[in-house]
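Summary of structural features
These are the residues of each chain, in order.
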Amino acid sequence: MPTMPRVVTDQRAKFNNDELFRGLSRDSEVRFTGHRDRPHQERQMRFQQDCRDGHAEIAFVTSGTNLELLFAPADWPMEGNQAPEQRGYADFTEAGKVRIVSHFIMDGVCTIWRGYIEIETLNGIGKLDLDEDRAEQERERHRERLRVVEERQQQFHESQERLPELDAQSDTLHFHRKSKPETPPSD
């Protein structure tokens, strides 16, 4: 049985035409929303620690859309020739700001969140972009899954076609076993 695809068939069309994506694809004001029950100074410290740990809770102020961004923690080693942009990151090199890149699937569309949050105010600017590379990877994964399912279905149909033949062989063997005279056990 095929599994439900993680992404929609035409991601570009959905990203370009869906009202939510159109709004989130423009530079918009964002805000760190984690640890709201804590004093501001503590929230600033926790925001920085969360970013070092590879996650941050943010909200688009204009739409109220909340996201939990996930990205590679600061202490994770790079894999092979993978660029930081491909795995997502939090960059502290700019004074007073944390630049964040995070990849995720939202409503069946592969996206990249890019933006920054100021450490002092916990506000910033961010937006969503269509993640073309991941979209292609997901399409390839889906094609491979379909190929495997079709292969299994073909194997199943072939085995079903052989069943009458196997049943006939089984009946013949069963008949031959019954037709042999039983010999009494020798003492």
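Structural data are supplied above this passage.
In this report, the structure presented in the accompanying data block is examined.

Definitions and limits used
Residues numbered from 1 in each chain as written. Predicted model: local features only at pLDDT ≥ 70, side-chain atom pairs only at ≥ 80, totals over all residues. Heavy atoms only, no water. Helix = DSSP H or I, 4+ residues; strand = E, 2+ residues; numbered from the N terminus. Buried < 20%, exposed > 50% of the residue type's maximum accessible area, 1.4 Å probe, protein only. Contact = heavy atoms within 4.5 Å. Salt bridge = Lys/Arg side-chain N within 4 Å of Asp/Glu carboxyl O. Core = buried A, V, L, I, M, F, W, Y, C linked by side-chain atoms within 4.5 Å.

**Topic: the overall build of the protein**
When helices and strands are counted, the protein shows 5 helices and 7 strands. Secondary structure of the protein in N-to-C order comes out as α-α-β-α-β-β-α-β-β-β-β-α. Across the 187 residues in the protein, those meeting the buried criterion constitute 32%. Pairs at least 24 residues apart make up 53% of the contacts formed inside the protein by residues separated by at least 6 positions.

**Quick word on the pattern of salt bridges**
The final tally for this structure, using the stated rule, is 15 salt bridges. Here Arg139 ties to Glu136 by a salt bridge, and the two come within 2.9 Å at their closest N and O atoms. Linking Arg139 with Glu136, this pair stays in helix α5 (residues 132–179), spanning 3 residues, or about one helical turn. Note on Arg139: relative accessible area 28%, which makes it partly exposed. Given a relative accessible area of 34%, Glu136 falls into the partly exposed group.

**Quick look at the nonpolar core**
By size, the foremost hydrophobic cluster in this structure holds 25 residues, and its most contacted members are Phe47, Ile100 and Trp113. No other element matches strand β5 (residues 97–106), which puts 4 residues into this core. The contact partners of Phe47, leaving out residues within four places of it in the chain, are Phe32, Ala56, Val98, Ile117, Ile119 and Leu122.

In short, geometric facts, not functional conclusions.
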